[in-house]
Amino acid sequence: MTELVEPAEASAPVRPPGDGLWAPHRRRLTVGLVMTITLVAFESLAIATVMPTVEDDLGGRALYGWVFSGFFLASLAGIVVTGILTDRRGPMLPFGAGLALFSVGLVVGGLAPSMPILVAARLAQGFGAGAIPASAYASVARGYPPALRPRVFAVFSTAWVIPGITGPSIASFVEGAASWHWVFLGLLPLVGVAGIIAVPALGRLAAGEARAVTDAATRRADRTRLARVAMLVAGVGLVLAGGTAGRPVATLVLVALGLPLAVPAFVHLVPVGTTRLRPGLPAIVAVRGILTWAFFGVDAYVSLTATEGPGGSTWLAGLALSVTAVLWTAGSWWQERMVGRLGPRRLDRAAFALIATGSTGMLVAALWLPAWATVPAWGVAGIGMGLGYAPLSVSALGSAEPGREGQATASLQLCDTLGVSLGTGAGGALIALADSRGWAASTGVALAFALGIAAALAGLVAAGRLPASVPGLEVDAG
């Protein structure tokens, strides 16, 4: 045991006294980023809570998955554009543009008269949302030393506590007292507050070293990167459309058209070796995509499970999401204390095991148990995400080249978003299949959670390629 403890203690983060997250020169940045995460949390939990009611009102269950997968698919483009702009001009411009597009999506979604219009609104909202976390991650790299970054991401998780406790219940109340439309529109004041606090703070952060590089080769590389992300979005969109086409011939044609576009584009957009899980940043990026597939790919269907089961209701769906958010936060704070000792590899292996357990519980709950069983089942998965998500963020920042944090975090967010898009899209395709065959809704969501279990088990194996300790912490300690 001594041999294990001594290296961990040597790599523990060290920082000067009084140089914390809330030091005067960082206070506004920290508050602004926390407000941003709070906005994202309210949006995610509120929309997920009322989506079963939205589907009952607008119809179009075959498009249920597209409300989520379309949002994250559009985020892919926003993430890559943000990575380029952040390295060139700093995070303020893409962050502000992202908030503006996010607001447009909320307005159109709140006024949507049909499911196709709602999906279109989520596409616009998703493009804007892609810019927000990518800008925030790059801001962490430039505004905080490596020793503080685990605590930053733990604070980010804490920002989910109030939305996690109150967001679903507020969404349920608003939906019952007025309508689900106001769940979208009511988020607009939060966007304004986040912008007022965060944008000026981000403006004080310098752009990366790539800012001064404006030669023709760099501009050409940027254009190539944008073209590839367009190919990726188009290719993944065709594959997801094939999954919900409902006709075997159409499915085969769309998938055959989409894969040759998506696969080469993805390979060129992520760090070399990502598809092979090469140790270092490539493996970190790849595992993050698997993690988001395993959790978020099925999290979109927790509310549907909680409302369709015996004794189910929108209130119960909100409770399941709230408990999960709180337990995620608890797990994140635990990892903040232990990441220097255990490292990303051990924590993420534990995370995938817990997510697989939670998805198994959800599958059993969907088929055979009362709706209240979704609360403890998905809470277990929430603990897993708390343990596994932040160590990958910190490791990616520690592995990035100085001045290239925007590109590294864009790759991380790209795999994040692609994992969610493919996971929710594949789950939505299974639910659409069950609906077209006249099967019970519980059968469709059970199939979606079975797919999530498979993704978690794949991640359990892939996590073995992660670093044993967090990159950068050892250097900072020295």
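Thresholds applied
- Residues numbered from 1 in each chain as written.
- Predicted model: local features only at pLDDT ≥ 70, side-chain atom pairs only at ≥ 80, totals over all residues.
- Heavy atoms only, no water.
- Helix = DSSP H or I, 4+ residues; strand = E, 2+ residues; numbered from the N terminus.
- Buried < 20%, exposed > 50% of the residue type's maximum accessible area, 1.4 Å probe, protein only.
- Contact = heavy atoms within 4.5 Å.
- Areas by Shrake-Rupley, 256 points an atom, 1.4 Å probe, with all protein chains shown as cover.
- Axes fitted to C-alpha atoms, helices over the stretch in contact; angles between N-to-C directions.
- Parallel < 35°, antiparallel > 145°, perpendicular 65-115°, else oblique.
- Left-handed = near helix turned anticlockwise from the far one by under 90°.
- Nonpolar A, V, L, I, M, F, W, Y, C, P; charged D, E, K, R; others polar.
- Core = buried A, V, L, I, M, F, W, Y, C linked by side-chain atoms within 4.5 Å.
- Salt bridge = Lys/Arg side-chain N within 4 Å of Asp/Glu carboxyl O.
- Phe/Tyr/Trp six-rings, centres within 6.5 Å; stacked < 30°, edge-to-face > 60°.
- Polar contact = N/O pair within 3.5 Å; in protein donor to acceptor, adjacent residues only side chain to side chain.
- Expected span 1.5 Å × (residues − 1).
- Bend = angle between axes of the 7 residues up to and from the residue.
- Patch = residues over 30% accessible without salt bridge, like charges linked within 9 Å, V, L, I, M, F, W, Y side chains within 5 Å.
- pLDDT = per-residue confidence, 0-100.

Quick notes on the overall build of the chain
Part 1: Assigned secondary structure in the chain consists of 18 helices and 0 strands.
Part 2: In the chain, which comprises 478 residues, the share counted as buried stands at 56%.
Part 3: In the chain, of all internal contacts separated by at least 6 residues, the share reaching a separation of at least 24 is 84%.
Part 4: In the structure as shown, the chain presents an accessible area of about 18,100 Å², 68% of it carried by carbon and sulfur atoms.

Brief notes about the packing of helix 2 (residues 27–58) against helix 3 (residues 64–89)
Part 1: Remark: helix 2 packs on helix 3, axes separated minimally by 10 Å, with the N-to-C direction vectors making an angle of 155°. For the element pair helix 2 / helix 3, the angle class is roughly antiparallel. Seen from above, helix 2 lies across helix 3 with right-handed handedness. Contact residues: E43, A48, M51, P52 and E55 in helix 2; Y64, V67, F68 and F71 in helix 3.
Part 2: Split into classes, the residues belonging to the contact of helix 2 with helix 3 amount to 7 nonpolar, no polar and 2 charged.

As for the nonpolar core
Part 1: Membership of the largest hydrophobic core comes to 122 residues, with the highest contact counts inside it found for M51, L118, L232 and L414.
Part 2: If one sorts the elements of this core by residue count, helix 2 sits on top with 15 residues.

Points about the pattern of salt bridges
Part 1: This structure, assessed with the given rule, holds 2 salt bridges.
Part 2: A salt bridge links R288 to D416, with the shortest nitrogen-to-oxygen separation between them at 2.7 Å. Placement of R288 in helix 12 (residues 281–299) and of D416 in helix 16 (residues 405–436) is noted, with a sequence separation of 128 residues between them.
Part 3: The exposure class assigned to R288 is buried, which follows from its relative accessible area of 0%.

With respect to unusual backbone geometry
Part 1: Of note in this structure, L277 is not a glycine but carries a positive phi near 55°.
Part 2: Checked against the element boundaries, L277 lands in the loop between helix 11 (248–269) and helix 12.

As for the packing of aromatic side chains
For any pair of aromatic rings, the description rests on two quantities: the centre-to-centre distance and the angle between the ring planes.
Part 1: This model, assessed by the stated rule, comprises 7 aromatic pairs.
Part 2: With centroids separated by 5.9 Å and ring planes inclined at 70°, the aromatic side chains of W378 and F449 adopt a geometry described as edge-to-face. Placement of W378 in helix 15 (residues 374–399) and of F449 in helix 17 (residues 441–462) is noted, with a sequence separation of 71 residues between them. Just as W378 is buried, F449 falls in that class too.
Part 3: What links up through ring pairs into an aromatic cluster is the set F295, F296, W328, W378, Y389 and F449.

Some thoughts on the packing of helix 4 (residues 92–110) against helix 5 (residues 115–143)
Each pair of packed helices can be described by the angle between their axes along with the distance between the axes.
Part 1: Where helix 4 meets helix 5, the axes come as close as 7 Å, and the angle between the chain directions of the two elements is 160°. Between helix 4 and helix 5, the interaxial angle falls into the category roughly antiparallel. The element helix 4 and its partner helix 5 pack so that their crossing is left-handed. On the side of helix 4, the interface is formed by P94, F95, G98, L99, L101, F102, G105, L106, V108 and G109, while helix 5 contributes I117, L118, A121, A124, Q125, F127, G128, A129, A131, I132 and S135.
Part 2: Residues belonging to the contact of helix 4 with helix 5 are distributed by class as follows: 15 nonpolar, 6 polar and no charged.

Description of the side chain of E43
Part 1: Mapped onto the elements, E43 comes out in helix 2.
Part 2: Taking relative accessible area as the criterion, E43 reaches 5% and is therefore assigned buried.
Part 3: A distance of 2.6 Å separates a polar atom in the side chain of E43 from a polar atom in the side chain of R122.
Part 4: Side-chain polar atoms of E43 contact the side chain of Q125, separated by 3.1 Å.

Some details on helix 14 (residues 314–368)
Part 1: Here helix 14 is 55 residues long, yet its end C-alpha atoms lie only 19 Å apart, well below the 81 Å a rise of 1.5 Å per residue gives.
Part 2: G343 marks the point of greatest bend in helix 14, at about 105°, and the proline P344 comes within the next four residues.

Some remarks on the side chain of S393
Part 1: Within the secondary structure, S393 sits in helix 15.
Part 2: We classify S393 as buried; its relative accessible area is 0%.
Part 3: Excluding its chain neighbours within four sequence positions, the residues that come into contact with S393 are Y137, F153, R288 and L412.

Let's talk about a nonpolar patch on the surface
Part 1: Taken together, the side chains of V104, V107, V108, L111 and I117 define a hydrophobic patch exposed on the protein surface, amounting to about 390 Å² of accessible area.
Part 2: Of note, I117 is situated in helix 5.
Part 3: I117 sits in the partly exposed class, given a relative accessible area of 37%.

Overview of the environment of P168
Part 1: Summarising the element assignment, P168 is placed in helix 7 (residues 161–177).
Part 2: Taking relative accessible area as the criterion, P168 reaches 0% and is therefore assigned buried.

Examining the confidence of the model for the chain
Part 1: Within the chain, residue pLDDT values average 80, and 88% of them lie at 70 or more.
Part 2: Per-element mean pLDDT across the chain ranges from 32 in helix 1 (residues 2–10) up to 92 in helix 17.
Part 3: Every residue in residues 207–213 scores below 50 in pLDDT, and together they form 21 contacts with partners more than four places removed in sequence or on other chains.

Let's talk about the environment of L188
Part 1: Along the chain, L188 falls in helix 9 (residues 188–203).
Part 2: Those residues within four positions of L188 in sequence are excluded, and the remaining contacts are S103, L106 and V107.

Description of the environment of V375
Part 1: The topology assignment puts V375 in helix 15.
Part 2: With 13 residues separating them along the chain, V375 and M362 place their C-alpha atoms 9.1 Å apart.
Part 3: Excluding anything up to four places from it in sequence, V375 contacts L316, L319, A320 and V323.

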